[in-house]
Amino acid sequence: MTLTVTDLTCDRGGLALLAGVSFTLERGTALILRGPNGSGKTTLLRTLAGLQPAVEGTIEADPDSIAYAGHADGIKATLSVAENLAFWAAIYGQSDIDTAIETFDLKDLRDRPAQNLSAGQKRRLGLARLAVTGRPIWMLDEPTVSLDAESTRRFASALQAHLADGGSALIATHIDLGFDAEVLDVSRLRAAPDAASGAFDEAFT
Amino acid sequence: MTLTVTDLTCDRGGLALLAGVSFTLERGTALILRGPNGSGKTTLLRTLAGLQPAVEGTIEADPDSIAYAGHADGIKATLSVAENLAFWAAIYGQSDIDTAIETFDLKDLRDRPAQNLSAGQKRRLGLARLAVTGRPIWMLDEPTVSLDAESTRRFASALQAHLADGGSALIATHIDLGFDAEVLDVSRLRAAPDAASGAFDEAFT
Amino acid sequence: MTALLLRDLRLAFRSGGGFGLALAFFLIVTILVPFGVGPDTSTLRIIAPGILWVGALLACLLSLDRIFAIDREDGSLDLLATAPIPLEGVVAVKALAHWLTTGLPLTLAAPLFGVLLNLAPPGYVWLTLGLALGTPALSMIGTFGAALTVGLKRGGLLLSLLVLPLYVPTLIFGAEVAQRGTSNLDPTTPLALMAGITAGATALLPFAAAAALRVNLR
Amino acid sequence: MTALLLRDLRLAFRSGGGFGLALAFFLIVTILVPFGVGPDTSTLRIIAPGILWVGALLACLLSLDRIFAIDREDGSLDLLATAPIPLEGVVAVKALAHWLTTGLPLTLAAPLFGVLLNLAPPGYVWLTLGLALGTPALSMIGTFGAALTVGLKRGGLLLSLLVLPLYVPTLIFGAEVAQRGTSNLDPTTPLALMAGITAGATALLPFAAAAALRVNLR
Amino acid sequence: MSFWEFANPRRFMGIADRIVPWAFALAALCLVTGLTWGFFFTPDDFRQGSTVKIIYLHVPSAMMAINAWAMMLITSLVWLVRRHHVSALAAKAAAPVGMTFTVIALATGAIWGQPMWGTWWAWDPRLTSFLILFLFYLGYIALWSAIEDPDTAADLTAVLCLVGSVFAVLSRYALLFWNQGLHQGATLSLDKEENISDVFYFPLLVCIAGFVLLFIALVFYRTATEIRLRRLHAISLRERMA
Amino acid sequence: MPDLGSYAVEVMSAYAVSITLLVAVVALSFVQSRRARRALDEAEGRARDA
Ligand code: HEM
Ligand SMILES: Nc1ncnc2c1ncn2[C@@H]1O[C@H](COP(=O)(O)OP(=O)(O)OP(=O)(O)O)[C@@H](O)[C@H]1O
Ligand SMILES: Nc1ncnc2c1ncn2[C@@H]1O[C@H](COP(=O)(O)OP(=O)(O)OP(=O)(O)O)[C@@H](O)[C@H]1O
Ligand SMILES: [Mg+2]
Ligand SMILES: [Mg+2]
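Residues numbered from 1 in each chain as written. Chains lettered and ligands numbered in written order. Predicted model: local features only at pLDDT ≥ 70, side-chain atom pairs only at ≥ 80, totals over all residues. Heavy atoms only, no water.

Is there a simple way to think about the pattern of salt bridges in this case?
In this structure the tally under the stated criterion is 35 salt bridges over all chains. With a shortest N-O distance of 2.8 Å, C:D78 and B:R46 are connected by a salt bridge. With one member in each of two chains, C:D78 in helix α5 (residues 76-81) and B:R46 in helix α1 (residues 41-48) form a pair that bridges those chains. With respect to burial, C:D78 and B:R46 carry one shared label: buried. When the shortest N-O distance is used, the salt bridge between B:K76 and C:D74 registers 2.9 Å. Of this pair, B:K76 sits in the loop between β5 (66-69) and α2 (81-91) while C:D74 sits in the loop between α4 (66-73) and α5, placing the two residues on different chains. (Salt bridge = Lys/Arg side-chain N within 4 Å of Asp/Glu carboxyl O. Helix = DSSP H or I, 4+ residues; strand = E, 2+ residues; numbered from the N terminus. Buried < 20%, exposed > 50% of the residue type's maximum accessible area, 1.4 Å probe, protein only.)

Set out below in structure tokens:
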């Protein structure tokens, strides 16, 4: 259940963006990714989630242990809150959605079509989706966008419960989540302009 | 250039959401809307911007003085940053986009297609769009979503420059923007459940 | 306004949304029909004007939901509605952009595709003339339908259902013009009627469409 | 997997994206053709099988880009790709859902629409049989094309151009079946060939489509 | 009492409750009399044979199909101008009734056309615009059901109704603009009501009255239903908010 | 039963179709009305209880 990343290089649009990313994420811990806009946090998370191949380096983790939540929530506007969650639960072989609905305070919105939710309510639904996957390693890309203070607190405590349960989390965020966690500053890992961004370039230099 | 709102009721989906909203926004001042998720901030801003009719009450403002920026940025993925800005400038009869590009630090991204921007860079472009309208009253719905600390600071100072210029701003946000402004707590203005949400129901009760 | 037109054209070119798609679809229809109906040239010659018109009309119909839907999703439509240009103007420009990226290429390409269907020689000029006069009506009517259904669930389906009946007269007169042209009869009456539809649609529908759009943006 | 199928069907019903749209489009084509070609029943009878097949094929073609595009935009596709189900399965389910919402209704409705085009009576059963055997291939091939073009600029246009040549054999055999059926010839040879295409496409294309999808998600 | 009193939903419900039973009863009476009279007790036409009996269904339903759209047009305009909700709901209530009449007219016309014209359909101006009117009914009903917010739906359908009226007008007056086509002319001996002999004319009048009354009864009845649904909608919204 | 001559099928089917359709709208309206009444009564009862 630990995630070990060694000397990873990721690219975006054929351009190496981050180089030499190494860390270990143990059970029960969270790691926060920081870095200014455009520094490559989203790119790193997508690479770790297996959505794009790494240029170099290794990612050791059970691929069936990662749940990814990106900028887009994967929510269907015409389905209701419960239907959206039930679908994702079924995809991950789970069936319990009530706990997640409880945790993210969606009870009153249960049968509301997702298109009638406010921005923050939609985000809560996106986070609840993560909870129904039953996966131990959460990869979150700016999870608290448009959440109010109360919901942010709820999210933080849900996250801590997840960690206490033996899960772990990798979170890219700009704001302070209000609990202690290790921080990885992505801006220090910026790839040198001439870093290898693929075998092709190397063959040329 | 002042915006005066008197006893406004706004609805969403045929349901009165806020009632008795009254305030005056003078030149050079900013008003911050606060309230938990789903309390009606977006609805209020849309009503003030003239995108939906008010159920009751009056809004006094020159309609040609308001620039609205919602959750969605109105940015075309296949156009470059400069093309996007130039288009909106032309629509508002302006031609200068360089100041806005400067203010929101988009110089390096000028010719990048908008689809290749990171979340925060896209948001900066959305804010720059607002600056090119040349309108005095800004209505901003969660402007700092996905911005890093540095960009948030930049935005705050751009906003203060706008206020110093005689503009004004109405901002719905969950986070602290780092400068003093009056605050309107929307959650106190919640419409009573039996409030009239249209003349039709009254005839019945 | 010009800025809006230029932007829409540029977007159409960049994303292949309008321009190429309608033309390709038209080509596909004219290629597929001989495959389906069989290569018998005399049958093809009889049905050619009708099929070409139906193909052009379908190509128009298909690109309609893009007129407002994309702008609606990314928030541009809200912003355009609050911008200092009349919504009627926005609608008219959108219709014009749709015509430039759909109707115009179709008109220009139709004679070429006529060859594929073995259209009788005198038909070419009348087909082209008919399309030139008729496609603006198709774009304008379609823009109205798109404004009516923007942001609805079932938008696409409803759009076709609403627009279709309004397209029928144009189609009938257009096919009649081409048909009469190929058989050396006088096609001026249907041509005049079609021009009348185009003029009427262009004069009235922008207002109806803008009204519908305002309601839909609520 | 069942959950995915059910969701896709539900979405198709709720948003009118697939189900109604394809059927409506098919209806539109069959209504418009007589308007365009003219009401001469003997001409209509000759072209009926071909037009019905072309109509069904276009209806399929149109709904293709929805297969993956919407899921891609709202992030569902990323999430499905990281979910514990094989991508080949996702592709197969998507194709099945497309067939259930497009091919199946088209097959069932075709005889009805045949009446509008004055199809010769013996043609009905062969038309239906042909569509029942041929439309699964159309859905599967289309899903492959959609996987190949998801997330591309100019996706829609490219999709039609890529898929079209792959559709032509099915169209030719299908129209041949219906044609031979109406003229009381033996249609088993083209029918068998068409069944072969369907079987081949269903067996091989899910793997190709999943591979294409993986590349496109990068 | 001012005409606009109708616009008050409570008043309307009261009036509807009183009118509807009578209207239904009278409609049933007229329809049964007219159709029985026409079917059993009129002679065959010398040229059309027994098919002339179809006239008692075709003409009233075609007339009312067009009149129903005219009524929807008027109530839609009232909604757009004065924003009386009952008016919009009346238009909504009338649409399915008008569509049924349209289908009846199309079906009987087609059945009648087979023996009379030798074809059940022709692309003549009246028939074409009537078919388009049918498609408009479909679109109108579909648009109502596709939009969630009732006021938005009322606005948009009113705009659609306005545009569709062109075809309602054409299906009645197309003959004035084009004097081509099958529907009227030498094949018919009965095309003008002045020409119709009294034997056919009186039962036809009774049938027309029956269709008109049925339409009135149904519209009042259905509008009352729509008002109830609207109130239900308001209550459930309130519940959700509380 | 009057003698309908060679057009019996046409006339009969025209009457059958039309009468079926008329009965269908009336029946539909009744069903819808009943359903609306019942739902409204229920909702008003709930509103009063609350
Ligand atoms: C599908 C075929 C047909 C359709 C769609 C159709 C439609 C119509 C319409 C729209 C009207 C006008 C009603 C009004 O203006 O109030 C009408 C009237 C009439 N139709 Fe037909 N019709 C069809 C076939 C026929 C046939 C076959 C006959 C008889 C041979 C016929 C006889 C009449 C007569 C006698 C009238 C009343 C004429 C008048 O008041 O101007 N119709 N029909
Ligand atoms: N196709 C592309 N070609 C070149 N550069 C690209 C392309 N797509 C994205 N980029 C760049 O890659 C960089 C990394 O983007 P990424 O989305 O990973 O940033 P991020 O750290 O998530 O930023 P944010 O905090 O704004 O979300 C950005 O500078 C972006 O402009
Ligand atoms: N069609 C609808 N019918 C009923 N209620 C709706 C509809 N659409 C939205 N709502 C509700 O209206 C309320 C107000 O939404 P709004 O978007 O104004 O909230 P907000 O204050 O902007 O919230 P956030 O901070 O999450 O953006 C929400 O509770 C939402 O669920
Ligand atoms: Mg990011
Ligand atoms: Mg909001």
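Hey, could you run me through the environment of C:L166 in this one?
Tracing the backbone through its elements, the reader meets C:L166 in helix α8 (residues 155-182). As for C:L166 and C:A110, which are separated by 56 residues in sequence, their C-alpha atoms are 22 Å apart. Beyond its immediate stretch of four places on either side in the chain, C:L166 contacts C:I141, C:F144, E:F136, E:V163 and E:F167. (Contact = heavy atoms within 4.5 Å.)

Whenever I open this one, the site of ligand 3 confuses me. Can you help?
Near ligand 3 you find 20 residues, and of these A:R112, A:S118, A:G120, B:T42 and B:T43 are the closest. The residues that come close to ligand 3 belong to more than one chain, namely chains A, B and E. A:N116 has a polar side-chain atom sitting 3.1 Å from a nitrogen atom of ligand 3. Within the side chain of B:H174, a nitrogen or oxygen atom sits 3.0 Å from an oxygen atom of ligand 3. (Near = heavy atom within 4 Å. Polar contact = N/O pair within 3.5 Å; in protein donor to acceptor, adjacent residues only side chain to side chain.)

Looking at this structure, how should I read the interface of chain C and chain D?
Interfaces are often sized by the amount of accessible area the parts lose when they come together. Facing 40 residues of chain C, the contacting portion of chain D comprises 40 residues. Between chain C and chain D the total buried area reaches about 3,200 Å² when both faces are included, carbon and sulfur atoms providing 80% of it. A per-residue breakdown of the area chain C buries against chain D is headed by C:I28, C:L32 and C:L157, which together make up 17% of the total. There are zero residue pairs in polar contact (both at pLDDT 80 or more) connecting chain C and chain D. Broken down by secondary-structure element, the contributors of at least two residues to the side of chain C that touches chain D are α1 (2-15), α2 (19-37), α3 (41-63), α4 and α8 of chain C. Residue contributions to the side of chain C that touches chain D peak at 11 residues, all from α2(C). The residue inventory of the side of chain C that touches chain D, partitioned by class, reads 24 nonpolar, 10 polar and six charged. (Buried area = accessible area lost by both parts, 1.4 Å probe. Nonpolar A, V, L, I, M, F, W, Y, C, P; charged D, E, K, R; others polar.)

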